[in-house]
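Structural characterization, general
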Amino acid sequence: MSPTSCFDVVVVGAGAAGLFCAGVAGQRGLSVLVLDHAAKVAEKIRISGGGRCNFTNRDVGVGNFLGENPAFCRSALSGYSPQDFIALVERHHIAWHEKHRGQLFCDHRADDIVQMLLRECEAGGVQRWQPCGVKAIRRREDATVRFELDTDQGVVQAHQVVIATGGPSIPKIGATDAGQRWAASFGHRIVPLRPALVPLTFDAAHWAPFVPLAGVSLEVVIETPSCVPVAGKGGKGKGKGPQMAHFTEDLLFTHRGLSGPAVLQISSHWQPGQALTINLNPQQDLAAALKEAKSGSRKQLSTAWGLALGEAAPQRLAQAWLAEVARQHPALQPQAALAELKDRDLDALGQAANAWQLVPSGTEGYAKAEVTAGGVDTRELHQQSMESKLVPGLHFIGEVVDITGWLGGYNFQWAWASAMACARALQSAPAAAQPATV
């Protein structure tokens, strides 16, 4: 390698967005270098979707995304659809299948997507230095070579730089907030970062009665006031005051709190101190069912309650729930005769399960968060190209930007779409620039 290497484009970050952007740009005839400090390429893809990679969702729209300005993603999403990515997957003969709610997964393994992206980069003549850390990124007063990067393998010059470093979620695979820090160093505003799509935790003493339920799962309706703008079908409510984020998904009890798709979804909206409202049986008015069953019944409350809560809720959840409510309402002892209970007590029991309110103490943090919310302020980027409005030639794509998708393949589609928008806008350096050297 010569002391200084020069490229049309340097992409920092060898994840989903970075590799895809590099491959497209390379196939458009640009000289492209990808840099990443991690030893393994695209590790977040490999571990996603239980090792099968939920690589997109058939039904993608602005309403599936959060951020201070979620409408920003409209242009990129319309320019590169899930069907476009499916066509690429099929050209590479990758078998896939659809799960519920439009989620698409590889039949075999997530590494199929990684290898596809690497083949696309190879087809574009993309160079990849990995592991290779980036120590600094500087602007140059030069129309042909606008940036200079100090890397572990020497100085690199570039006409354009693409930051695709994601966020600090899942630090064990090398994830950091480097991209946001570089953006800030160039004068960009950073929407505060926080873990998203993450399990929620509760005070140990408060959660103790529910610890034995770890592993129990059931479909619920969950809602909370949203801490971020809610677009389209992602929320409900109009007028003044906070909108409610609202999801129907599976809930999972854990030793420390709650997880599962329902909680991962709501966690992107939740903010500390706010309550969650969970309906453990959205199909039934439990208080009404108990009062209807009361007439002439010889059943004990525990039996009637198990029947009312229904097959969707495991019986050990039904009985643990009843025991917990009985601590607050002494009349609701499991062995009490249903026929002898007052309607107001049955109302309390039913309403407690149809609208369970609880306040998490926190989250499992970046270690368990699937994505990072917040990031580079979209108001300072061109939505058609992902280029900085402050620094010509500097681009930001994927998770590093303040756009966060729902659980279910939406974040990958944002990676592909933002990468494609960027790659289509990248240009060759003016003729005076030096050709790439190694």
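Below you will find a few notes about this structure.

Procedures and definitions
Residues numbered from 1 in each chain as written. Predicted model: local features only at pLDDT ≥ 70, side-chain atom pairs only at ≥ 80, totals over all residues. Heavy atoms only, no water. Phe/Tyr/Trp six-rings, centres within 6.5 Å; stacked < 30°, edge-to-face > 60°. Helix = DSSP H or I, 4+ residues; strand = E, 2+ residues; numbered from the N terminus. Core = buried A, V, L, I, M, F, W, Y, C linked by side-chain atoms within 4.5 Å. Buried < 20%, exposed > 50% of the residue type's maximum accessible area, 1.4 Å probe, protein only. Contact = heavy atoms within 4.5 Å. Pairing = 2+ DSSP bridges. Axes fitted to C-alpha atoms, helices over the stretch in contact; angles between N-to-C directions. Salt bridge = Lys/Arg side-chain N within 4 Å of Asp/Glu carboxyl O. Disulfide = S-S within 2.5 Å. Arc of directions from axis to C-beta.

Overall, the coordinates contain 18 aromatic pairs when judged by the stated rule. Ring plane angle 50° and centroid distance 5.5 Å describe the contact between F20 and Y80, whose orientation is recorded as tilted. On the criterion of sequence distance, the pair formed by F20 in helix 1 (residues 16-27) and Y80 in the loop between helix 3 (74-79) and helix 4 (82-91) is long-range, its members being 60 residues apart.

The subject of this paragraph is the nonpolar core. Counting 129 residues, the largest nonpolar core has I45, I113, L149, F253, W305 and W416 as its most contacted members. The dominant element in this core, judged by the number of residues it contributes, is helix 13 (residues 410-425), at 11 residues. In this structure W305 touches L286, L290, A318, W321, L322, L349 and A353, once residues within four positions along its chain are discounted. With 6 residues, the next largest nonpolar core counts A196, L264, A373 and L407 among its residues.

Pairing in this open sheet of 3 strands is antiparallel, and the strands run 3-6-5 from one edge to the other. Strands at the two margins of the open sheet, each flanked by one partner only, are strand 3 (54-57) and strand 5 (96-98). Strand-to-strand twist in this sheet, taken as the mean axis angle between neighbours without regard to direction, amounts to 25°. Looking at chain direction, strand 5 and strand 6 (residues 103-106) are connected through 3 bridges and run antiparallel. Paired with E98 across the strands is L104, a residue of strand 6. Along the sheet face, helix 4 touches strand 3, strand 5 and strand 6 and points at about 140° away from the line of strand 3.

Our next topic: the pattern of salt bridges. Overall, the coordinates contain 21 salt bridges when judged by the stated rule. As a salt-bridge pair, E43 and R46 come within 3.5 Å of each other at their nearest N and O atoms. Placement of both E43 and R46 in helix 2 (residues 43-47) is noted, with a separation of 3 residues, approximately one turn of the helix. Judged by its relative accessible area of 18%, E43 is buried. The shortest N-O distance in the salt bridge between D152 and K135 comes to 3.9 Å. Residue D152 is located in the loop between strand 9 (147-151) and strand 10 (154-163), and its partner K135 is located in strand 8 (residues 134-139); the two are separated by 17 residues in the primary sequence. Overall, the relative accessible area of 49% leaves D152 in the partly exposed class.

Glancing now at the state of the cysteines. Scanning all chains against the criterion turns up 0 disulfides. Cysteine C6 shares no disulfide, and the gap to the nearest cysteine sulfur, in C132, comes to 16 Å. Its sulfur unpaired, C106 is 5.3 Å from the next cysteine sulfur, which belongs to C53.

Quick look at the environment of N411 now. In this fold, N411 is placed in helix 13. Those residues in contact with N411, other than ones at most four positions away along the chain, are L197, V371, T404, G405 and W406.

Attention now moves to the environment of Q274. Within the secondary structure, Q274 sits in the loop between helix 8 (260-267) and strand 17 (276-279). Owing to a relative accessible area of 16%, Q274 belongs among the buried residues under this scheme. In this structure the C-alpha to C-alpha distance between Q274 and S361, which are 87 residues apart in sequence, comes to 9.5 Å. Residues within four places of Q274 in sequence aside, it is in contact with T224, P225, H269, L358, V359 and P360.

When we look at burial in helix 4, the residues that qualify are P82, F85, I86, L88 and V89. One face of helix 4 carries all of its buried residues, which in axial projection span an arc of 160°. Here the buried face of helix 4 lies against helix 1, strand 3, strand 5, strand 6, helix 5 (111-123) and helix 13. Directly beyond the C-terminal end of helix 4, a positive phi value near 60° is found at H93.

Residues of strand 6 alternate between two faces, with Q103 and F105 on one and L104 and C106 on the opposite face, all of them buried. Taken together, the 3 bridges between strand 3 and strand 6 define a ladder with antiparallel strand orientation. Within strand 6, the position partnered with N57 by the bridge is Q103. Hairpin connection, strand 5 to strand 6: the antiparallel pair is bridged by 4 residues, and R101 has positive phi, about 60°.

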